[in-house]
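Next come the chains, spelled out residue by residue.
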Amino acid sequence: MKHLKIVDGAWAGYTGILGRFEFVEGVSVLKLHRCDRDLLASVANFVELEDDGGETPAGVTHRLATEAQLRAPVAAPLARQTETDKKAEAIMAAAAANKAPTEFHTKPELEAVADKSGIKGLRAIGDKWNVKSRSIPILIEMILDAQAKFILKRDQRMQSEPAPATEPAPVETPASAPAAEVEEDFTEAQIETTEVSLEEAAATGNLAAAISDDGQE
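Fair warning: this is a prediction, and the values are worked out from it, not measured in the lab.

What follows covers the overall build of the protein chain. Scanning the protein chain for helices and strands turns up 7 helices and 6 strands. Helices (α) and strands (β) of the protein chain occur, in sequence order from the N terminus, as β-β-β-β-α-β-β-α-α-α-α-α-α. Burial analysis of the protein chain (217 residues in total) assigns 19% to the buried set. In the protein chain, the proportion of contacts linking residues at least 24 apart, taken out of those at least 6 apart, comes to 44%. With the model as given, the accessible surface of the protein chain reaches about 16,900 Å², and the carbon-plus-sulfur share is 57%.

This part covers the pattern of salt bridges. Tallied over the full model, the rule gives 10 salt bridges. Between lysine 132 and aspartate 127 there is a salt bridge whose closest N-O contact spans 2.9 Å. Take lysine 132: its relative accessible area is 63%, and that puts it in the exposed class. The structure contains a network of salt bridges with shared partners spanning Lys2, Arg37, Glu48 and Glu50.

Below, the discussion takes up helix α4 (residues 107-128). Because each turn of an α-helix spans 3.6 residues, side chains separated by three or four positions end up pointing in the same direction. The end-to-end C-alpha distance of α4 is 17 Å, clearly below the 32 Å that 22 residues give at a rise of 1.5 Å each. Burial in α4 covers these residues: Leu110, Ala114, Gly121, Leu122, Ile125 and Gly126. Against the buried residues of α4 lie α5 (136-160). Asparagine 130 lies just past α4 and shows a positive phi near 60 degrees.

Our next topic: the pairing of strand β5 (residues 46-49). Burial along β5 is two-sided: Phe46 and Glu48 and Val47 and Leu49, pointing in opposite directions, are all buried. Direction of pairing for β5 relative to strand β6 (residues 55-57): antiparallel, over a ladder of 3 bridges. Bridge pairing in β6 links leucine 49 to glutamate 55. Counting the residues in the hairpin turn of β5 and β6 gives 5 residues, including glycine 53, whose phi is positive at 95 degrees.

What follows deals with the confidence of the model for the protein chain. Chain-level statistics for the protein chain give a pLDDT mean of 77 and a share of 71% at 70 or above. Here helix α7 (residues 207-216) stands out as the least confident element of the protein chain, with mean pLDDT 48; strand β3 (residues 21-24) is the most confident, with 93. Contacts of residues 179-184 to residues separated by more than four positions or lying in other chains number 1 contact, the stretch itself having pLDDT below 50. Low pLDDT, under 50, characterises residues 213-217; the stretch is placed with 1 contact to residues that sit more than four places away or in other chains.

Here we take up the packing of aromatic side chains. Under the counting rule described, the total for this entry stands at 5 aromatic pairs. Geometrically, the ring pair formed by tryptophan 11 and tyrosine 14 is edge-to-face, given 5.2 Å between the ring centres and 75 degrees between the ring planes. Taking relative accessible area as the criterion, tryptophan 11 reaches 38% and is therefore assigned partly exposed. Ring geometry for phenylalanine 104 versus phenylalanine 150: centroids 6.1 Å apart, planes at 45 degrees, classification tilted. Taken together, the residues phenylalanine 104 in the loop between α3 (83-97) and α4 and phenylalanine 150 in helix α5 connect sequence positions 46 residues apart. Phenylalanine 150 gets classed as buried once you look at its relative accessible area, which sits at 14%. Here a set of aromatic residues connected by ring pairs shows up, and it is made of Phe104, Trp129 and Phe150.

Bringing the nonpolar core into the picture now. Grouped together as the largest cluster of nonpolar side chains are 12 residues: Ala100, Leu110, Ala114, Leu122, Ile125, Trp129, Val131, Leu139, Ile140, Ile143, Ala146 and Phe150. Among the secondary structure elements, those contributing two or more residues to this core are α4 and α5. In terms of residue count, α5 provides more of this core than any other element does, 5 residues in total. Apart from the residues lying within four places of it in its own chain, the contact partners of tryptophan 129 are Ala100, Pro101, Thr102, Glu103, Phe104, Ile143, Ala146, Gln147 and Phe150. Within the second largest apolar cluster, 11 residues are counted, among which are Leu4, Phe21, Leu40 and Phe46.

How each quantity is defined
Counting from 1, residues in each chain are numbered in the order their sequence is written. Side-chain atom pairs in this predicted model are given and counted only at pLDDT of 80 or more, local residue features only at pLDDT of at least 70, and totals for whole chains, interfaces and linings cover all residues. Processing note: side-chain calculations cover all non-hydrogen atoms of the structure and skip hydrogens and water entirely. Numbering goes from the N terminus for both helices and strands, where a helix is a DSSP run of H or I of at least four residues and a strand is a run of E of at least two. Between buried and exposed lies partly exposed: a residue is buried under 20% and exposed over 50% of the maximum accessible area for its type, with that area taken using a 1.4 Å probe on protein chains only. Here, two residues are considered to be in contact whenever any of their heavy atoms come within 4.5 Å of each other. Using a 1.4 Å probe, accessible areas were evaluated by the Shrake-Rupley method; residue-level cover was limited to the displayed protein chains. Throughout this description, the term salt bridge denotes a Lys or Arg side-chain nitrogen within 4 Å of a carboxyl oxygen of Asp or Glu. Expected span of a helix, by definition, is 1.5 Å for each gap between consecutive residues, and there is one gap fewer than residues. Paired strands, as defined in this entry, are two strands with at least two bridges between them according to DSSP. What pLDDT expresses is the predictor's confidence in each residue, scored from 0 to 100. Aromatic pairs are defined between Phe, Tyr and Trp rings, using the six-membered ring for Trp, whenever the two ring centres lie within 6.5 Å; interplanar angles under 30 degrees are classed as stacked, those over 60 as edge-to-face, and all others as tilted. We define the nonpolar core as a collection of buried residues of types Ala, Val, Leu, Ile, Met, Phe, Trp, Tyr and Cys that are connected through side-chain atoms lying within 4.5 Å of one another.

As structure tokens, then:
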């Protein structure tokens, strides 16, 4: 709420009733609501008096022009979920799904709780399994039934989860000798054979026969 001051030349310094509000020397006696200030500013020129003594033009037109210049701060973009985060979240969700809301109890244990703490102690356990009853025997059976259903669903989830894939072991094959080395060994053997045949022919004097045999080979 703020005081209004008339700045219109014909009404400046006005003292009296304007509408249903009283003005003294052009200033409203009471602080006015914004809707009343806007109403009066629609028929004459007014300024709003701030608590620190400052003056601001009154009326919807000025306020809309001023607020149009204001901009909301731009929020920083949200961080996108990475594949690592997604896998970690899936692992945590799976672990939470397979985790019981509380420890398991046998029927004798639940009966012992009922003997010690009454139905109030059983209800503390039943609330964790989301079961309720006003009867101790019925509540015990409901807790046992909820535990059994949880174990059954957990086993089904564990069986439905695919086993981790294993890579087949590499098969080692015997290394074969390069073809170039085989051909090289074969050529050297032919040369040695040819040299021996020529030496024998030179010793016997029949060089033509040795050359003829080498050509046939």
